[in-house]
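# A look at the structure
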Amino acid sequence: MQLRVMTIHDYDKVLKLWKSINGFYIRDVDDSFMGIEKFLSKNPNTNVVTLHNNDVVGSILCGYDGRCAYFYHVCVREDYRHKGVGKSMVEFVIESLKKEGATHINLIAFKDNGIGNLFWRDIGWSIKDSCNLYELILDTNNVRNLVKAKL
């Protein structure tokens, strides 16, 4: 397997990965080709993909605003889970963020994402219970769609 910085040329394969994961959320605008292209241009060194046999089997989008980093769309294809792929990607991005000068990372794991929540606890992350997350949708076309993968 190969870990490397994600580029826009990975988009189709990353989107295929996201659409294969049951319960994954994809936004119409943010996760479009143009949305990901914009995100990658603002964060060229902090996003990662894992490839095996030329397929993307894992990905992390990571934005850093100069103060805090945020992980988005952390996922590993089901048949590659429990093999260290997720942990390796997290370590890869953490090293990239250290070079950028980041001091901390936040992420959102939906409460009904049992596998994800277990993963984060297992690798030493803690739940923040000191704040609430609020959202204001500025673009009503940016609908969040739940992936119902064919199992």
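Look above for the structure.
Residues numbered from 1 in each chain as written. Predicted model: local features only at pLDDT ≥ 70, side-chain atom pairs only at ≥ 80, totals over all residues. Heavy atoms only, no water.

Let's shift gears to unusual backbone geometry. Backbone geometry places Asn 53, a non-glycine residue, at a positive phi of 50°. According to the relative accessible area criterion, Asn 53 is exposed, its value standing at 64%. One non-glycine residue, Asn 54, lies in the positive phi region at around 65°. Mapping Asn 54 onto the fold places it in the loop between strand S3 (48–52) and strand S4 (55–64). On the basis of relative accessibility, which here comes to 56%, the residue Asn 54 falls in the exposed class. (Buried < 20%, exposed > 50% of the residue type's maximum accessible area, 1.4 Å probe, protein only. Helix = DSSP H or I, 4+ residues; strand = E, 2+ residues; numbered from the N terminus.)

Further remarks concern the pattern of salt bridges. For the structure shown, the criterion picks out three salt bridges. Salt-bridge contacts for Arg 77 lead to Asp 79; the nearest nitrogen and oxygen are separated by 2.8 Å. The partly exposed category is assigned to Arg 77, whose relative accessible area is 23%. Classification of Asp 79 by relative accessible area gives partly exposed; the value is 44%. (Salt bridge = Lys/Arg side-chain N within 4 Å of Asp/Glu carboxyl O.)

For the rest of this paragraph, the subject is a nonpolar patch on the surface. Judged by side-chain polarity, Ile 108, Phe 110 and Leu 133 come together as a nonpolar surface patch covering roughly 320 Å² of accessible area. Tracing the backbone through its elements, the reader meets Phe 110 in the loop between strand S6 (105–107) and helix H4 (114–122). Residue Phe 110 is classed as partly exposed on the basis of its relative accessible area, which comes to 35%. (Patch = residues over 30% accessible without salt bridge, like charges linked within 9 Å, V, L, I, M, F, W, Y side chains within 5 Å. Areas by Shrake-Rupley, 256 points an atom, 1.4 Å probe, with all protein chains shown as cover.)

As a further point, take the state of the cysteines. Applying the stated criterion across every chain yields a total of zero disulfides. The cysteine Cys 62 is free of any disulfide, with Cys 68 supplying the nearest cysteine sulfur at 8.9 Å. Taking the relative accessible area as the measure of exposure, Cys 62 reaches 0% and is therefore buried. On the accessibility criterion, Cys 68 (5% relative accessible area) is buried. (Disulfide = S-S within 2.5 Å.)

Moving on, we come to the pairing of strand S5 (residues 69–76). Relative to S5, S4 runs antiparallel, the two sharing six bridges. Counted as the bridge partner of Ser 59 is Cys 75 from S5. Between the antiparallel neighbours S4 and S5 lie four residues, among them Gly 66 with a positive phi of about 95°. In the sheet, S5 pairs with S6 via three bridges, with the strands oriented parallel. (Pairing = 2+ DSSP bridges.)

Topologically, Asp 65 is positioned in the loop between S4 and S5. When the C-alpha atoms of Asp 65 and Leu 40 are compared, they prove to be 13 Å apart, with 25 residues separating the residues in sequence. A polar contact of 2.7 Å, which involves the side chain of Asp 65, links it to the backbone nitrogen of Cys 68. (Polar contact = N/O pair within 3.5 Å; in protein donor to acceptor, adjacent residues only side chain to side chain.)

This next bit is on the sheet that holds S4. Taken in spatial order, the five strands of this open sheet run S1-S3-S4-S5-S6, and their pairing is mixed. Single-partner strands in this sheet number two, and they are strand S1 (2–5) and S6. Adjacent strand axes in the sheet meet at a mean angle of 25° when their direction is disregarded. Against the sheet, helix H1 (residues 11–20) makes contact with S3, S4 and S5, and its axis sits at roughly 100° relative to S4, the strand it touches most. (Axes fitted to C-alpha atoms, helices over the stretch in contact; angles between N-to-C directions. Contact = heavy atoms within 4.5 Å.)

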